[in-house]
Amino acid sequence: MIYIDKVLIYGVKKGSIAEEIGLKKGDLILTLNGEKIVDILDYKFNVADEYLEIEIEHKDGTIEIYEIEKDESEDLGIIFESELIDEPRSCYNKCIFCFMEQLPDNVRETLIFKDDDYRLSFFSGNYITMTNMKDIDVDRIIRYRLSPINISIHATDEKVRCMMLNNRHAGKVLEYLDRFYQAGISINTQIVLCKGINDGNILKKTIVDLSKYAPVLKSICIVPVGLSNNRDGLYPLEALSKEDCENTIDLVSKYQEKFKKKFKTPLVFLADEFYLKAGRKMPNYSDYGEFGQIEDGIGMTALFEHDFKKEIKQLKEKNISYPKSKTISMITGKIVEDYMKKKAKAIQARVGNLNINIIAVENEYFGEQITVTGLITGRDILKTLHGLKEDGINIGEYIVIPRVMLKDDEDIFLDDTKLEDLQKELKLPIVVTDGSAKVFIESTILNVKNKKILKLGDTSPRQSYENGIK
């Protein structure tokens, strides 16, 4: 927290440089290397030096300057009250497609706040619109080399962008792209595709306009608009149909081939949902490079498929067979139901007496048009499983869910259902996986006796609404 050019020290890590020199909670930072600290950018930029001078005002009002020699980039161990030191910047727009405007009533606070902060774009990978930025913000991005910056474009046609964001300045700020390009700041861009608004010729123009910033521009990511059932009073939007997805794939694929020849990368990427809904083959694994767009749901299936092929061979070599029939149930979203059933059959063909139920949960919390796995809630899982039990379906020995359904730092679903409460009501063990093919396979051949909740894997390609806006 900042108190008139003074930054509060909220805590000090044990064994840190800050503790060693005697800094305490409640002390105030006046300057660092002679500069005032505005936010976390100033702090991190200055604290990276090998030699520091930090001016501190203690609780009793005395002021002391500490001279510190340390390894380059070594942290001082000072804890601030908030991640950015000051408050995150909120969004100035009222986008016609904004998912946060479509949430059910009485959702928790973390789902309501709409950030649009270029610092979070750098630190957390969030996308920004730039509509609340000024020239001084661009100067800071360039000065501190905040690269890459992730920017929500949606359309380079200024009138269309202003209309989509409900902000008359939304077209003008696209000029900032020129400055980032000239400074060599890497850029990732995003387009939320809305039927009849920024598709077709507008999409063509956007792709062509943005491609002029390559190779500084690293990606153009296109995701389909998500529409919940809570859209009363909002702009009338239509979900993309199978035909819409097919047309978009055909349009984009022409540019991808052109860009691969020119830039050695497709440059423009479609979310997996387009291919799944259209029933089209996914692009090659090699087309996704380092999978930098995976948190947008881009390339997740190609990565999974690539790893699955390797892991399934190793499973066959293990020659596993159960003496009695073993049944488990794996929870997923509607969009990947058919794909996951194929993978389950491949596992069953290599493991004796194993039966895998792939259970695609209908999303009643947000609406049936929301079909991605990351937006499934605990209550909808319970309703689905209770219904299957009533129909005489054997749920099996344990339930498998991907971690993407849970909050990043807490075991709760988007509807505030706790994972432990889900387990207690189901009276079955729950296995939480990280979304990788290796762990997906591993989760099917476990012995979960005496386990209530078991977590597997370390990383998770996120495709969760809340984790994407944190």
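Scroll up to find the structure this text is about.
Bear in mind the structure is a predicted one, so any value in this text is a computation, not a measurement.

(A) Representation of the nonpolar core within the structure. Counting residues in hydrophobic clusters, the biggest one holds 79 residues, and the most contacted among them are Met 130, Phe 180, Ile 207 and Ile 222. With six residues, the top contributor of residues to this core is helix α9 (residues 242–263). Not counting residues within four places of it along the chain, the set of residues in contact with Ile 222 comprises Ile 191, Leu 193, Leu 203, Ile 207, Val 252, Val 268, Phe 269, Leu 270, Ala 271, Phe 274 and Ile 298. Core analysis: the second largest hydrophobic core is formed by 29 residues, Val 336, Ala 346, Val 351 and Leu 354 among them.

(B) Fine view of the pattern of salt bridges. Taken as a whole, this structure holds 26 salt bridges when the rule is applied. Residue Arg 119 pairs with Asp 39 through a salt bridge whose shortest N-O separation is 2.9 Å. In this pair, Arg 119 sits in helix α4 (residues 118–124) while Asp 39 sits in the loop between β3 (28–32) and α2 (40–47), placing the two residues 80 residues apart along the sequence. The same class applies to Arg 119 as to Asp 39, namely buried. Ionic pairing is found between Lys 341 and Glu 337, a salt bridge with its closest N-O pair at 3.2 Å. Placement of both Lys 341 and Glu 337 in helix α12 (residues 337–348) is noted, with a separation of four residues, approximately one turn of the helix. Beyond isolated ion pairs, a larger network of salt bridges with shared partners links Asp 39, Asp 42, Asp 86, Asp 117, Arg 119 and Arg 140.

(C) Spatial organisation of the packing of aromatic side chains. Applying the stated criterion to the full structure yields 15 aromatic pairs. Plain terms: the ring middles of Tyr 43 and Phe 80 are 4.9 Å apart, the flat faces sit at 85° to each other, and that makes the pair edge-to-face. Linking Tyr 43 in helix α2 with Phe 80 in the loop between β6 (78–79) and α3 (109–112), this pair joins segments that are 37 residues apart in sequence. Of the two residues, Tyr 43 and Phe 80, neither departs from the other in class, the shared state being buried. Ring geometry for Phe 99 versus Phe 366: centroids 5.3 Å apart, planes at 50°, classification tilted. A residue pair is termed long-range when its members are at least 10 positions apart, and Phe 99 in the loop between β6 and α3 and Phe 366 in the loop between β12 (352–360) and α13 (378–390) qualify at 267 residues. In this structure Phe 99 comes out as buried when scored by relative accessible area, which is 13%. In this structure, Lys 25 packs its charged tip against the face of Tyr 10, placed 4.8 Å from the ring centre. A cation over an aromatic ring shows up here: Arg 143 above the ring of Phe 45, its NZ or CZ 5.2 Å from the ring centre.

(D) Quick peek at the packing of helix α5 (residues 135–143) against helix α7 (residues 176–183). Contact pair α5 / α7: the axes reach a minimum separation of 11 Å and the direction vectors enclose 20°. Classified by the angle their axes make, α5 and α7 are roughly parallel. Seen along the crossing, α5 lies across α7 with a hand that is right-handed. Together, Asp 135, Val 138, Asp 139, Ile 141 and Ile 142 of α5 and Tyr 176, Arg 179, Phe 180 and Ala 183 of α7 make up the contact between the two elements. Residues of the contact of α5 with α7, tallied by class, amount to six nonpolar, no polar and three charged.

(E) Focus on the sheet that holds strand β4 (residues 51–57). The four strands lie next to each other as β1-β3-β4-β5, forming an open sheet whose pairing is antiparallel. On the outer flanks of this sheet lie β1 (7–8) and β5 (63–69), each paired with one strand and no other. Across seven bridges, the pairing between β4 and β5 is antiparallel. Paired with Ile 54 across the strands is Tyr 66, a residue of β5.

(F) Inspection of a negative patch on the surface at higher detail. On the surface, Asp 49, Glu 50, Glu 53, Glu 67, Glu 69, Asp 71, Glu 72, Glu 74 and Asp 75 cluster together into a negatively charged patch. Taking the relative accessible area as the measure of exposure, Glu 53 reaches 32% and is therefore partly exposed.

The rules behind the values
- The numbers attached to residues start from 1 for each chain and follow its sequence in the written order.
- For this predicted model, a pLDDT threshold of at least 70 governs which residues receive local features, and a threshold of 80 or more governs which side-chain atom pairs are given and counted, while totals over whole chains, interfaces and linings are taken from all residues.
- As a convention, hydrogens and water are excluded, and side-chain values are obtained from all of the structure's heavy atoms.
- In this text, buried Ala, Val, Leu, Ile, Met, Phe, Trp, Tyr and Cys residues form a nonpolar core when linked through side-chain atoms within 4.5 Å.
- We call a residue buried when its accessible area falls under 20% of the maximum for its residue type, exposed when it is over 50%, and partly exposed in between, using a 1.4 Å probe and counting protein chains only.
- Helical segments are the DSSP runs of H or I of at least four residues, strand segments are the runs of E of at least two, and each set is numbered from the N terminus.
- Any two residues whose heavy atoms approach within 4.5 Å are treated as being in contact.
- Whenever a carboxyl oxygen of Asp or Glu lies within 4 Å of a side-chain nitrogen of Lys or Arg, that contact is scored as a salt bridge.
- Under the pairing criterion, centres of Phe, Tyr and Trp rings, with the six-membered ring standing for Trp, must be within 6.5 Å; the plane angle then separates stacked pairs below 30 degrees from edge-to-face pairs above 60, leaving the rest tilted.
- A positively charged side chain is recorded as over a ring if its NZ (Lys) or CZ (Arg) lies within 6 Å of the ring centre. The angle to the ring normal must also be within 35 degrees.
- To get an axis, a line is fitted to the C-alpha atoms, and for a helix only the part in contact is used. The angle between two axes follows their N-to-C directions and goes from 0 to 180 degrees.
- Small angles under 35 degrees read as roughly parallel and large ones over 145 as roughly antiparallel, with 65 to 115 read as roughly perpendicular and the rest as oblique.
- Crossing chirality is assigned from the near helix's rotation relative to the far helix, an anticlockwise turn below a right angle marking it left-handed and a clockwise turn marking it right-handed.
- When residues are grouped by polarity, Ala, Val, Leu, Ile, Met, Phe, Trp, Tyr, Cys and Pro land in nonpolar, Asp, Glu, Lys and Arg in charged, and all others, Gly among them, in polar.
- Being paired, for any two strands, means DSSP has found at least two bridges between them.
- Distance thresholds for patches are 9 Å for like charges and 5 Å for nonpolar side chains (Val, Leu, Ile, Met, Phe, Trp, Tyr), applied to residues having over 30% relative accessible area and no salt bridge.
- Computed with a 1.4 Å probe, the accessible areas rest on the Shrake-Rupley method; for each residue, only the protein chains presented here act as cover.
- Asp and Glu are treated as the negative residues and Lys and Arg as the positive ones, with His and the ends of the chain left uncounted.
- To locate a charge, take NZ of a lysine, CZ of an arginine, CG of an aspartate or CD of a glutamate.

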